[in-house]
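Chains, contacts and geometry: an overview
Residue strings, one per chain:
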Amino acid sequence: MPTQIEWADEVWNPVTGCSPVSKGCENFRVTLHEDRLYEPLKWKKPRRIVCSMGDLFHPDVPAGYITAIYDVMEHASQHTFIVLTKRPGRIISVLYGEEGRWHYGGGDFLPNVWHLVTAENQEMANKRIPELLMLREYSAGWRVLGVSVEPMLGPIALNAICAVVDGFAQRVKTLLDGIDWVICGGETGPNARSMHPDWVRSLRDQCVEAGVPFFFKQWGEWLPDDQVKEPLIVKMGHPGAPKWAINKLVCNLSPGLHAFKVGKKAAGRLLDGREWNEYPIREKIEP
């Protein structure tokens, strides 16, 4: 079905649910939806499709079901599929190992499938990105590997030196080397935590310097006052404050900088007055 996710056109959820593995997780039961498995084959117009409600590589998803999903993505080659996971270490065992019966054992790949890990903080970036980049060891044909920093819960240095993973990191100087796309966004929902604009600026600047496409999805529920055209007067109920700020929750981000809980729609997705809507260049996804 159509989605309001800013960087996708359609959602496809043959799997829903997950279980907590880090601070960015929510917890609900993993469910397989076999009735949805073949939906993309019915969509003729090319679309950018994401599985938004579950993690395909959750341990409760059988390897045979995952490879069936990849078979559907192979046959629906007119679409671009974006696979997000918090468990990149399982990708190789399913696609290239015994668990998935060497599904792509010959080094095959799908040029229309992009793989992204989620990393809400530095700890998860350090752990998950090197595991994702190991896919290059099995086939350089996986054209787009990326990271979704959402929800962003702290500063992240993707230009940091990568941890050693089976020797592969000896050829990867930083976490950004080998990454083709970075998405960033704040947290949503009733208990959402705020995001400091300096964290976002730093991530953007790292991507610009490295030539990696950067997509800023949203501020989430909290809007920093330095992202408002007219400076906010943060004293609650002050007659000079904007009407939408009156009686809203406020938090201190750092000395002299505050954020108001105005909701996702009001907070928007402008970073220092502009949108960042960069995608991997087309040449990287063609075989």
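Cut-offs used in this document
- Residues numbered from 1 in each chain as written.
- Predicted model: local features only at pLDDT ≥ 70, side-chain atom pairs only at ≥ 80, totals over all residues.
- Heavy atoms only, no water.
- Disulfide = S-S within 2.5 Å.
- 1 Å grid on protein atoms, 1.4 Å probe; cavity = no way out; pocket = protein on both sides within 12 Å on 5 of 7 lines; lining within 4 Å.
- Points joined across faces, edges and corners; volume = space filled by probe spheres on them.
- Helix = DSSP H or I, 4+ residues; strand = E, 2+ residues; numbered from the N terminus.
- Pairing = 2+ DSSP bridges.
- Axes fitted to C-alpha atoms, helices over the stretch in contact; angles between N-to-C directions.
- Phe/Tyr/Trp six-rings, centres within 6.5 Å; stacked < 30°, edge-to-face > 60°.
- Buried < 20%, exposed > 50% of the residue type's maximum accessible area, 1.4 Å probe, protein only.

Attention shifts here to the state of the cysteines. Per the stated rule, a full pass over the model turns up zero disulfides. Its sulfur unpaired, Cys184 is 8.8 Å from the next cysteine sulfur, which belongs to Cys207.

As enumerated under the stated definition, the model contains one cavity of 30 Å³ or more in all. If you add up the space inside the largest cavity, you get close to 40 Å³. Lining the largest cavity are Trp12, Val50, Cys51, Leu56, Met73, Phe81, Ile82 and Val83. Top element by residues in the lining of the largest cavity is strand S5 (residues 80-85). It accounts for three residues.

In space, the three strands of this open sheet follow the order S10-S12-S11, with antiparallel pairing throughout. The open sheet has two edge strands, strand S10 (222-224) and strand S11 (250-254), and neither has a second partner. Across this sheet, the average inter-strand angle for adjacent strands is 30°, counted without regard to direction. Inspection of the sheet shows S11 paired to strand S12 (residues 257-261) by four bridges, in the antiparallel sense. Looking at the pairing, Asn252 lines up with His258 of S12.

Next up on the list: the packing of aromatic side chains. Scanning all chains against the criterion turns up 13 aromatic pairs. Seen from their ring centres, Trp181 and Tyr279 are 5.4 Å apart, and the 35° between their planes marks the pair as tilted. In this pair, Trp181 sits in strand S8 (residues 181-185) while Tyr279 sits in the segment after helix H6 (264-267), placing the two residues 98 residues apart along the sequence. Using a relative accessible area of 0% as the deciding quantity, one classes Trp181 as buried. Given the relative accessible area of 25%, Tyr279 is considered partly exposed. Seen from their ring centres, Phe216 and Trp219 are 5.0 Å apart, and the 70° between their planes marks the pair as edge-to-face.

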